[in-house]
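Residue strings, one per chain:
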Amino acid sequence: MKASGDTDDERRPVTILLAEDDPDVSDLVRHVLEAEGYHVDVAGDGEQALARFEACCPDLVVLDVMMPRLTGFEVLSKLRDLEEEGAAVPVLILSARTSEEDIVKGFRLGVSDYVTKPFMIGELRARVRSLLARV
C-alpha cells in the first residue's frame, strides 16, 4: 500500500514547499504534512520561497501572505509568471489575512485555495489532499 504522499505514477514522495516566516506555525505545518507522508521543503521568507520553488520543483506550495522580503501575494504573482500555461502548480494560501479583499486578491492572482489562521489541522490535511488529487 502506498503512502498518501506518494504519487500514482512514481514512488517518490510528493514534495510540498511551505513558505512561512513564523517558526512555530512552520514547525506545526511541516510536522502535520510529513506525518501524511509528504516531503516538506521550508522557506522562511518570500525570496527563499522563490529560490526553493525553482530548486525543488514542488507538487504543491503552501504560502503565507505576510512574510519578509516578498509578500505571499508577490511570490504568488511571480510563481504564476514563471510557469508555463497549463502547468500551474497548485498554491494554498495559509494566512492570518482574513478580509474578503485579501481572499479575493489571492484568487485573482491565481491561488488554488485559501485557508485562514487560526486553522484546523483536519481541514488543512483535507485541502492539501484535495489539491493534490487534482494534479
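Above this text sits the structure in question.
Residues numbered from 1 in each chain as written. Predicted model: local features only at pLDDT ≥ 70, side-chain atom pairs only at ≥ 80, totals over all residues. Heavy atoms only, no water.

Student: Could you give an account of the overall build of the chain, naming the residues involved and the relevant values?
Tutor: Counting its secondary structure elements, the chain contains five helices and five strands. When the elements of the chain are put in sequence order from the N terminus, they spell out β-α-β-α-β-α-β-α-β-α. Within the span of the chain, comprising 135 residues, buried residues form 46% of the whole. Within the chain, counting contacts between residues at least 6 apart in sequence, those at least 24 apart form 59% of the total. Carbon and sulfur atoms make up 50% of the accessible area of the chain, which totals about 7,200 Å². (Helix = DSSP H or I, 4+ residues; strand = E, 2+ residues; numbered from the N terminus. Buried < 20%, exposed > 50% of the residue type's maximum accessible area, 1.4 Å probe, protein only. Contact = heavy atoms within 4.5 Å. Areas by Shrake-Rupley, 256 points an atom, 1.4 Å probe, with all protein chains shown as cover.)

Student: Any chance you could break down the pattern of salt bridges for me, citing the residues and the numbers?
Tutor: The full count for this structure, using the stated rule, is 12 salt bridges. Put simply, R52 and D41 hold a salt bridge, and the shortest N to O gap is 2.6 Å. On the criterion of sequence distance, the pair formed by R52 in helix α2 (residues 46–56) and D41 in strand β2 (residues 39–43) is long-range, its members being 11 residues apart. Salt bridges sharing common partners tie together E20, D64 and K117. (Salt bridge = Lys/Arg side-chain N within 4 Å of Asp/Glu carboxyl O.)

Student: Give me helix α5 (residues 121–134): which residues, what numbers.
Tutor: Compared with an ideal rise of 1.5 Å per residue, which puts 14 residues at 20 Å, α5 spans 20 Å between its outermost C-alpha atoms and is within 8% of the ideal. Buried within α5 are the following residues: L124, V128, L131 and L132. The arc that holds the buried residues of α5, viewed along the axis, is 95°, so those residues lie on one side. The exposed set on the far side of α5, more than 90 degrees from its buried face, consists of A133 and R134. Its buried side turned inward, α5 meets β1 (15–19), α1 (23–35), β3 (60–63), β4 (91–95) and β5 (113–116). (Expected span 1.5 Å × (residues − 1). Arc of directions from axis to C-beta.)

Student: Give a description of the nonpolar core that names residues and reports values.
Tutor: As a rule of thumb, nonpolar side chains are buried together in soluble globular proteins. Of all hydrophobic cores here, the largest spans 20 residues; its most connected members are V61, L63, V75, L79, V91 and I93. Looking at this core, the elements that each hand over two or more residues are β1, α2, β3, α3 (72–82) and β4. In terms of residues, this core owes the most to one element, α3, which gives four residues. Contacts of L79, omitting those with residues within four sequence positions, involve L50, F53, V61 and V91. (Core = buried A, V, L, I, M, F, W, Y, C linked by side-chain atoms within 4.5 Å.)

Student: Lay out the pairing of β5 in plain terms, naming residues and giving numbers.
Tutor: The sheet contact formed by β4 and β5 spans four bridges and is parallel. If you follow L92 over to β5, its bridge partner there is D113. (Pairing = 2+ DSSP bridges.)

Student: Account for α1, naming residues and giving values.
Tutor: Compared with an ideal rise of 1.5 Å per residue, which puts 13 residues at 18 Å, α1 spans 18 Å between its outermost C-alpha atoms and is within 8% of the ideal. As for α1, its buried residues are in contact with β1, β2, β4 and α5. N-capping of α1 is provided by D22, with a side-chain oxygen placed 2.8 Å from the backbone N of D24. (Polar contact = N/O pair within 3.5 Å; in protein donor to acceptor, adjacent residues only side chain to side chain.)

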